[in-house]
Amino acid sequence: MKIKKYIAKNLTEGKLKIKEELGSEAVILSTRKIKKADGIELIEIVAALDSDNNSQIPKKENPGKSRMINQILKKNQSVNSAGNDESYSRLLREIDSLKKEMNEINDNVKYKYAAALGPIAGKIFKILRKQEVPEDIALKLIGKTIDAGANNNLINAMDFIRFNLRDYIKIDKPLKKDSTTQKVVVFGGTGTGKTTALVRIGIISKLVLKADITLVSADTQKVGGAEQLETYASISGISFRTAYNSDELKEITDSEDNKDFIFIDTRGSNHKEKEFIDEIIMLADSVNAQHRFMVISATTAEETLRQQLECFKSVKPTGVILTKLDEAFSLGSILKVIQEIPVTYITTGQRIPEDLEPASKEMLIEHILPKNILETMVPEKI
Ligand SMILES: Nc1nc2c(ncn2[C@@H]2O[C@H](COP(=O)(O)OP(=O)(O)OP(=O)(O)O)[C@@H](O)[C@H]2O)c(=O)[nH]1
Ligand SMILES: [Mg+2]
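So, a few notes on the structure that sits alongside this text. Every value quoted in this text rests on a predicted model; they were computed, and no experiment measured them. Note that residues are indexed from 1 along each chain, following the sequence as it is written. As they are written, the chains are lettered A onward and the ligands numbered 1 onward, keeping that order. Only residues with pLDDT of 70 or above have their local features reported here, since the model is predicted, and side-chain atom pairs are shown and tallied only from 80 upward, although totals for entire chains, interfaces and linings are computed over all residues. Side-chain measures were taken over the full set of non-hydrogen atoms in the model, leaving aside hydrogen atoms and water.

1. Concerning the site of ligand 1
The line we're drawing: A cutoff of 4 Å decides nearness: a residue is near a molecule or strand if any of its heavy atoms lies inside that distance of it. Within 3.5 Å is the distance limit for a polar contact, defined as a pair of N or O atoms, with the added protein rule that one can donate a hydrogen and the other accept it, and that residues adjacent in sequence qualify only through two side-chain atoms. Only the protein chains shown count as cover for residues, and all accessible areas are computed by the Shrake-Rupley method using a 1.4 Å probe. Helical segments are the DSSP runs of H or I of at least four residues, strand segments are the runs of E of at least two, and each set is numbered from the N terminus.
Around ligand 1, the surrounding shell holds 19 residues, and the nearest of these are Lys194, Thr195, Thr196, Asp326 and Thr347. A distance of 3.1 Å separates an oxygen atom of ligand 1 from a polar backbone atom of threonine 192. If ligand 1 stood free it would expose 670 Å²; the protein chains cover 86% of that surface. The greatest single-element share of the shell around ligand 1, amounting to four residues, is contributed by helix α7 (residues 194-207).

As structure tokens, then:
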């Protein structure tokens, strides 16, 4: 891990410096404002780059398969050191065929219903599962396609499925001013994009809705957590407060009751920690937060998503902010969440505030099942 401190005039300049020196994989650990002797304000940013940057490492494969491959590799090493070329290439062939076999087994499990569904419905099933659409939803969609007689050819069937995906997506409208002070809490797993999403919504509310707003950080446990939000607030000319517990948060919201919105940032943590979930519930309940946005990264694995949904339900989320759509490979698994809780906003990059949009069914369907999906798939693979 390489850690470096940067001093810059503002966050944008600092980010540029970091990108130039550490590259785009670097992460910002903390930010704080500092004052020079002449009174000029600067920003100190601490950034880090994991030297064993593992973003290129493929997903963990079947442990049994890894064990077998490791055994072969071990064998391979000893044979290779003995200089036996013939055995060496035989072992490489063995590994290759083992990999193929394992891939076939994985496919057979993932696409287990494909053969029974017949040629067209079977292909659709494979496509939906490749896009990570949960098995039960894929089967329901196919059932509907067959019932409607829309499975006579693949193109028509896919259009029908795309249209019917709407039934599995809930959408909510973005925030609007009213006569009350609306309290908005964001919560979710670590690094999902809570703080940046909150800042974006805050800036857009201020600029587009002409709303009077305050940003509050209740993320006081993480080093630099509150400072990150404070920096954004000061750059955007938005008032900022820090709350160390739910009593302080209540005092702040009571004293700011002339505002249109009070946006509350919380710390990210492991959803499996009950203490963390209780803390979020306490914060949101103490101020009667009307909007409770669960922030979910579109890159989250299917099983983690399922667990997060289960654990965060007790916070009574009113909406989802779906982040990092630009980084997601396939989005089908998100259906499990968004068929229950409406998506309000999506984010598609790191720019603040530009990369935030109100959610729409059409756009989500395009991410889950792109119109050109049949052109992009290798025919023999479906
Ligand atoms: N590519 C991409 N990056 C994003 C997006 N949204 C946020 N990020 C980046 O994700 C990183 C984490 O964002 P934060 O807003 O700090 O996440 P957080 O959930 O507040 O993090 P913690 O408070 O540490 O749990 C930052 O580098 C953001 O720029 C997005 O839509 N796309
Ligand atoms: Mg944060």
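2. Considering helix α6 (residues 154-164)
The following threshold applies: Residue burial is assigned from relative accessible area. The probe radius is 1.4 Å, only protein chains are included, and a residue is buried under 20% of its type maximum, exposed over 50%, and partly exposed in between. Within this analysis, the arc is defined by the directions that extend from the helix axis to the C-beta atoms.
Of all the positions in α6, only Leu154, Ala157, Met158, Ile161, Arg162 and Asn164 are classed as buried. One side of α6 holds all its buried residues, which, seen down the axis, span an arc of 170°. In α6, the exposed positions angled more than 90 degrees off the buried face are occupied by Ile155 and Phe163. The N-capping residue of α6, defined by a side-chain oxygen 3.0 Å from the backbone nitrogen of isoleucine 155, is asparagine 153.

3. Here we look at the sheet that holds strand β3 (residues 41-49)
What counts here: We call two strands paired when DSSP finds no fewer than two bridges between them. Only C-alpha atoms enter the line fits that serve as axes; for helices the fit covers just the stretch in contact. Angles between N-to-C directions range over 0 to 180 degrees.
The antiparallel open sheet is built from three strands, whose spatial order is β1-β3-β2. Each edge of the open sheet is held by one strand with a lone partner, namely β1 (2-8) and β2 (27-35). Across the sheet, the mean angle from the axis of one strand to that of its neighbour is 20°, orientation sign disregarded. Examined bridge by bridge, β2 and β3 share eight bridges and lie antiparallel to one another.

4. With respect to the packing of helix α4 (residues 119-130) against helix α5 (residues 135-147)
Let me state the cut-off plainly: A clockwise turn of the near helix away from the far one marks a right-handed crossing, whereas an anticlockwise turn of less than a right angle marks a left-handed crossing. Any two residues whose heavy atoms approach within 4.5 Å at even a single point are treated as in contact.
One way to put it is that α4 packs onto α5 with a least axis distance of 10 Å and a crossing angle of 150°. You can see that α4 and α5 cross each other, and the crossing is right-handed. In this structure, α4 uses Ala121, Ile124, Phe125, Leu128 and Arg129 to contact α5, whose residues at the interface are Glu135, Ala138, Leu139, Leu141, Ile142 and Ile146.

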